[in-house]
Amino acid sequence: MTRILINAKANFWVVLSKAVNYILSSQRATIISYNDKYRRDTFDLLHRIEKETDLLLCPSEAYTIFMAVKVTEKINGDLAEVGVYKGGSSKIICEAKGLRTLHLFDTFEGLPEVGSIDSKQFFAGQYAGTFDEVKENLKNYENVYLYKGVFPTTADPIKTKKFSFVHFDVDTYLSTKECLNFFYERMSKGGIMVSHDYNAAEGVRRAFQEFFADKPEHIIEIANTQCMILKF
Ligand SMILES: C[S@@+](CC[C@H](N)C(=O)[O-])C[C@H]1O[C@@H](n2cnc3c(N)ncnc32)[C@H](O)[C@@H]1O
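Residues numbered from 1 in each chain as written. Predicted model: local features only at pLDDT ≥ 70, side-chain atom pairs only at ≥ 80, totals over all residues. Heavy atoms only, no water.

*Asks:* I'm lost on the site of the ligand in this one. Help?
*Replies:* The environment of the ligand is formed by 20 residues, the closest being Gly83, Ser89, Asp106, Phe151 and Asp169. Measuring from an oxygen atom of the ligand, one finds a side-chain N or O atom of Asp106 at 2.6 Å. One of the backbone nitrogen or oxygen atoms of Gly110 is found 3.0 Å away from an oxygen atom of the ligand. In the complex, 99% of the free accessible area of the ligand, which totals 610 Å², lies under the protein chains. One can see that the ligand is located within the largest pocket. Residue composition of the shell around the ligand, by class: 11 nonpolar, six polar and three charged. (Near = heavy atom within 4 Å. Polar contact = N/O pair within 3.5 Å; in protein donor to acceptor, adjacent residues only side chain to side chain. Areas by Shrake-Rupley, 256 points an atom, 1.4 Å probe, with all protein chains shown as cover. 1 Å grid on protein atoms, 1.4 Å probe; cavity = no way out; pocket = protein on both sides within 12 Å on 5 of 7 lines; lining within 4 Å. Sits in = over half its atoms within 2 Å of the grid points. Nonpolar A, V, L, I, M, F, W, Y, C, P; charged D, E, K, R; others polar.)

Listed below in structure tokens is the structure:
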């Protein structure tokens, strides 16, 4: 009987310590331990956006985007995102961008072509958002432009622009390569590119590694699935 009680007690502490570790390793626990009101408020905002928009990013990824947009405030150029879906990540950018101009690109018919390099979880037509729904979601933000179609066939209106921040969330090799081909040379010095899925989608990773093989910039892996480039 005594042994059973000791075992039950030990199990209780194992379970409790696992639960505490789990909570401490989550993004919300980090900000509480820093007791930083700005971080806490920002995570609250990101959680609200997640609920409103079917956001496909986890909170730490959302936070990375928010902060990267903020720190490029003084860099010359517009902002852009390719891979809008229902506008979740676009809304995060909107919340952080101030009055800067944001260009948003999506087929609004889901992923275009998916190649043999790409992870098997992806298929053409996946993640189809609706143009009107996104327009409605973002109607309160100024200087936001939406472009429907396969990028870069829709990129004409921004050909002569420079960029301070761009976000790619396009899942596949070809789309990622097209984004890099288009935006790299248009990034201002000190501008930031963030991509989702670098650590989760084979095609995205391959596109970045090939593209940056002969470039001076580093591919900075973020702890979750993203990567970041700071333009030299
Ligand atoms: C995973 S979803 C984006 C999720 C969104 N960023 C979020 O966090 O809620 C991927 C999107 O990329 C879009 N997409 C992929 N390749 C594209 C391309 N070449 N041109 C336009 N849209 C593309 C798809 O239509 C889809 O909406």
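*Asks:* Looking at this model, I keep getting lost on the layout of surface pockets. Mind explaining?
*Replies:* Once rolled over the atoms, a probe with the size of a water molecule shows which space is left empty. Of the voids in this model, the largest pocket is the one considered here, and its volume is about 500 Å³. Lining the largest pocket are 37 residues, with Gly83, Leu111, Asp169, Val170 and Asp171 sitting closest to its centre. Residues of the lining of the largest pocket, tallied by class, amount to 18 nonpolar, 11 polar and eight charged. (Points joined across faces, edges and corners; volume = space filled by probe spheres on them.)

*Asks:* What is the right way to read the packing of helix α3 (residues 37-53) against helix α5 (residues 88-97) from this model?
*Replies:* Relative orientation and spacing of two packed helices are given, respectively, by the angle between their axes and the distance between those axes. Where α3 meets α5, the closest approach of the two axes is 9 Å, and the angle between their N-to-C directions is 145°. As α3 runs across α5, the sense of the crossing is right-handed. In contact with Leu45, Leu46, Ile49, Glu52 and Thr53 of α3, α5 contributes Gly88, Lys91, Ile92 and Glu95. Its residues assigned to classes, the contact of α3 with α5 comprises four nonpolar, two polar and three charged. (Axes fitted to C-alpha atoms, helices over the stretch in contact; angles between N-to-C directions. Helix = DSSP H or I, 4+ residues; strand = E, 2+ residues; numbered from the N terminus. Left-handed = near helix turned anticlockwise from the far one by under 90°. Contact = heavy atoms within 4.5 Å.)

*Asks:* How do you make sense of the sheet that holds strand β5 (residues 187-195) when you look at a structure like this?
*Replies:* Pairing between the strands of a sheet comes from backbone hydrogen bonds, and it takes one of two forms, parallel or antiparallel. The mixed open sheet is built from seven strands, whose spatial order is β3-β2-β1-β4-β5-β7-β6. Looking along the sheet, the strands with just one partner apiece sit at the ends: β3 (144-148) and β6 (220-221). Direction of pairing for strand β4 (residues 163-168) relative to β5: parallel, over a ladder of five bridges. When the sheet's bridge partners are listed, Phe168 is paired in β5 with Ser195. (Pairing = 2+ DSSP bridges.)

*Asks:* In this structure, what is going on with the pairing of β3? I would like to understand it.
*Replies:* Within a regular strand, the side chains alternate between the two sheet faces. Strand direction decides the pairing type here: strand β2 (residues 102-106) and β3, joined by five bridges, are parallel. If you follow Phe105 over to β3, its bridge partner there is Tyr147. At this point the chain moves from β2, through helix α6 (residues 131-137), to the parallel β3, and the crossover so formed is right-handed. (Right-handed = clockwise from strand over helix to strand, strands pointing away.)

*Asks:* Mind showing me how you'd approach the pattern of salt bridges here?
*Replies:* Between side chains of opposite charge, pairing is possible as soon as their charged atoms come close. Under the defined criterion, the tally for this structure stands at 11 salt bridges. A salt bridge links Asp41 to Lys37; the nearest nitrogen and oxygen atoms lie 2.5 Å apart. Placement of both Asp41 and Lys37 in helix α3 is noted, with a separation of four residues, approximately one turn of the helix. Its relative accessible area of 53% is what places Lys37 among the exposed residues. (Salt bridge = Lys/Arg side-chain N within 4 Å of Asp/Glu carboxyl O. Buried < 20%, exposed > 50% of the residue type's maximum accessible area, 1.4 Å probe, protein only.)

*Asks:* Can you help me understand helix α8 (residues 202-212) in this one?
*Replies:* Every buried residue of α8 is accounted for by Gly203, Val204, Ala207, Phe208, Phe211 and Phe212. Down the axis of α8, the smallest arc covering the buried residues is 145°, so these residues share one side. On its buried face, α8 is in contact with β4, α7 (173-183), β5 and β7 (227-230). (Arc of directions from axis to C-beta.)

*Asks:* Help me understand the side chain of Arg100, please; the structure alone is not making it clear to me.
*Replies:* Position of Arg100 among the secondary structure elements: in the loop between α5 and β2. Summary of buried charges: Arg100 has no salt-bridge partner, and the nearest side chain of opposite charge, Glu73, is 5.7 Å away. Only 3.3 Å separates the side chain of Arg100 from the side chain of Ser164, close enough to count as a polar contact. Setting aside its immediate chain neighbours within four residues, Arg100 contacts Val69, Thr72, Glu73, Gly77, Leu79, Glu142, Asn143 and Ser164. (Lys, Arg positive; Asp, Glu negative; His and termini not counted.)

*Asks:* I keep staring at the pairing of β7 and nothing clicks. Help me out?
*Replies:* Judged from the four bridges that link them, β5 and β7 form a sheet pairing that is antiparallel. Looking across to β7, one finds that Ser195 is bridged to Cys227. Pairing between β6 and β7: two bridges, direction antiparallel. Paired with Ile220 across the two strands is Met228, which belongs to β7. Hairpin connection between β6 and β7: a loop of five residues separates the two successive antiparallel strands.

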